[in-house]
Amino acid sequence: MDDQLVIYIISDSLGETARAIVKACLSQFPQHEHWAFKRFSYINNQSLLDQILEEASQSTALLMFSLVDVELASYAQRCCEAQGLVYVDLLTNVLQGMSQLSGLEPLGTPGLLRQLDQDYFDRVAAIEFAVKYDDGKDPRGILQADLVLLGISRTSKTPLSMFLADKAIKVVNIPLVPEVPLPKELDLINPKKMIGLTNSLDRLNQVRKMRLQALGLPGNANYASPERILEEVSYAETVMQQLHCPIINVSDKAIEETATIILDMLKANKLVTRDL
């Protein structure tokens, strides 16, 4: 089995469905490594299909169709049978079975799966955004964000950003440190897009000591001292009041609970209109 075998993936959309099936099936043939792939997307008429079939007829090929247009799929089957080409129609039998069972006709519209999965792509983009602009890495993200979270260290800024990103909310989180100037971009956005996070002094002292221990540092470092924590909390509250943003105390709340409060605020301010 040294000859190269070619798999033609032919779709009236991107061809991701057929590609996923091919990858799953290939794992069952580890003894044959010489597979080649050719993917043809947005094939929506007989002329385009004829060109692909002509090319496939010149090689040892398997044609895999992912065509929701019943007439085009039927044409592809007839051509393959007439030319003696090996083919698999991935959708026709499934669509016919579902139609028979439901008594309904399929829409026959290419690309609907990708449209329905737009929420998925939005979530991925929001997660990438949250990672890119985490912890104030680049304040320019403030101008692109759906939401800006402000708070001192250990107020759950990052986990909240990631949780909200999974809801397709683009979040920037900005650490508030007395010695570090605030990003000028904060003055350029709608104050309703900003939410401040705070925590109780006792809880901050506890989690900061745990953080120091995890890093192999002494628990009595200034980072966890009550005096430093009080200084940071007072500074953060002053900043949040100046920015006119609401403040949420996360000390007795799970991430999910705080996120729900934030989402309700965004909806109330009409900054989020879709269902989440």
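Before reading further, recall that the structure is shown in the block above.
Residues numbered from 1 in each chain as written. Predicted model: local features only at pLDDT ≥ 70, side-chain atom pairs only at ≥ 80, totals over all residues. Heavy atoms only, no water.

K.L.:
Explain the pairing of strand β3 (residues 61–66) to me, please; I cannot follow it from the model alone.
P.N.:
Side-chain positions along a regular strand alternate between the two faces of the sheet. Burial of β3 is extensive: five of the six residues sit out of reach of the surface. Sheet analysis places strand β1 (residues 5–11) next to β3, joined by six bridges and oriented parallel. If you follow Ile-9 over to β3, its bridge partner there is Met-64. Strand direction decides the pairing type here: β3 and strand β4 (residues 86–89), joined by four bridges, are parallel. Residue pairing in the sheet places Phe-65 in a bridge with Asp-89 of β4. Crossover β3 to β4 through helix α3 (residues 70–83) is right-handed. (Buried < 20%, exposed > 50% of the residue type's maximum accessible area, 1.4 Å probe, protein only. Helix = DSSP H or I, 4+ residues; strand = E, 2+ residues; numbered from the N terminus. Pairing = 2+ DSSP bridges. Right-handed = clockwise from strand over helix to strand, strands pointing away.)

K.L.:
Any chance you could explain the packing of helix α8 (residues 201–214) against helix α9 (residues 226–243) here in plain terms?
P.N.:
Between two packed helices, what matters for the description is the angle formed by their axes and the separation of those axes. Where α8 contacts α9, the two axes come as close as 10 Å, and the packing angle between them is 120°. As summarised for this structure, α8 and α9 are arranged oblique, according to the angle between their axes. As α8 runs across α9, the sense of the crossing is right-handed. Judged by residue contacts, Leu-201, Leu-204, Asn-205 and Arg-208 of α8 engage Pro-226, Ile-229, Leu-230, Glu-232 and Val-233 from α9. Of the residues assigned to the contact of α8 with α9, the class counts are six nonpolar, one polar and two charged. (Axes fitted to C-alpha atoms, helices over the stretch in contact; angles between N-to-C directions. Parallel < 35°, antiparallel > 145°, perpendicular 65-115°, else oblique. Left-handed = near helix turned anticlockwise from the far one by under 90°. Contact = heavy atoms within 4.5 Å. Nonpolar A, V, L, I, M, F, W, Y, C, P; charged D, E, K, R; others polar.)

K.L.:
How do you make sense of the environment of Glu-232 when you look at a structure like this?
P.N.:
Within the fold, Glu-232 resides in helix α9. By relative accessible area, which is 6% here, Glu-232 ends up buried. Between the alpha carbons of Glu-232 and Ser-156 there is a distance of 15 Å; along the sequence they are 76 residues apart. With near-sequence residues (within four places) excluded, Glu-232 lies in contact with Ile-152, Ser-153, Pro-178 and Arg-208. A polar side-chain atom of Glu-232 sits 2.7 Å from a polar atom in the side chain of Arg-208. (Polar contact = N/O pair within 3.5 Å; in protein donor to acceptor, adjacent residues only side chain to side chain.)

K.L.:
It is not clear to me how the layout of surface pockets should be interpreted in this structure. Could you clarify?
P.N.:
Picture a little ball the size of a water molecule; that probe, rolled over the atoms, points out where space is still empty. Considered as a void within the structure, the second largest pocket measures approximately 270 Å³ in volume. Looking at the second largest pocket, it is lined by 20 residues, and the ones nearest its centre are Asp-135, Ser-153, Arg-154, Lys-157 and Tyr-223. Elements that contribute at least two residues to the lining of the second largest pocket include exactly α7 (157–165), β6 (171–175), α8 and α9. When its residues are assigned to classes, the lining of the second largest pocket shows eight nonpolar, five polar and seven charged. (1 Å grid on protein atoms, 1.4 Å probe; cavity = no way out; pocket = protein on both sides within 12 Å on 5 of 7 lines; lining within 4 Å. Points joined across faces, edges and corners; volume = space filled by probe spheres on them.)

K.L.:
Mind showing me how you'd approach unusual backbone geometry here?
P.N.:
What you tend to see is this: most non-glycine residues have negative phi, and most peptide bonds are trans. Positive phi, normally seen in glycine, also occurs at Ala-168, with a value near 70°. Tracing the sequence through the fold places Ala-168 in the loop between α7 and β6. Positioned with a positive phi, Lys-270 is a non-glycine residue whose angle comes to about 60°. Mapping Lys-270 onto the fold places it in the segment after α10 (255–268).

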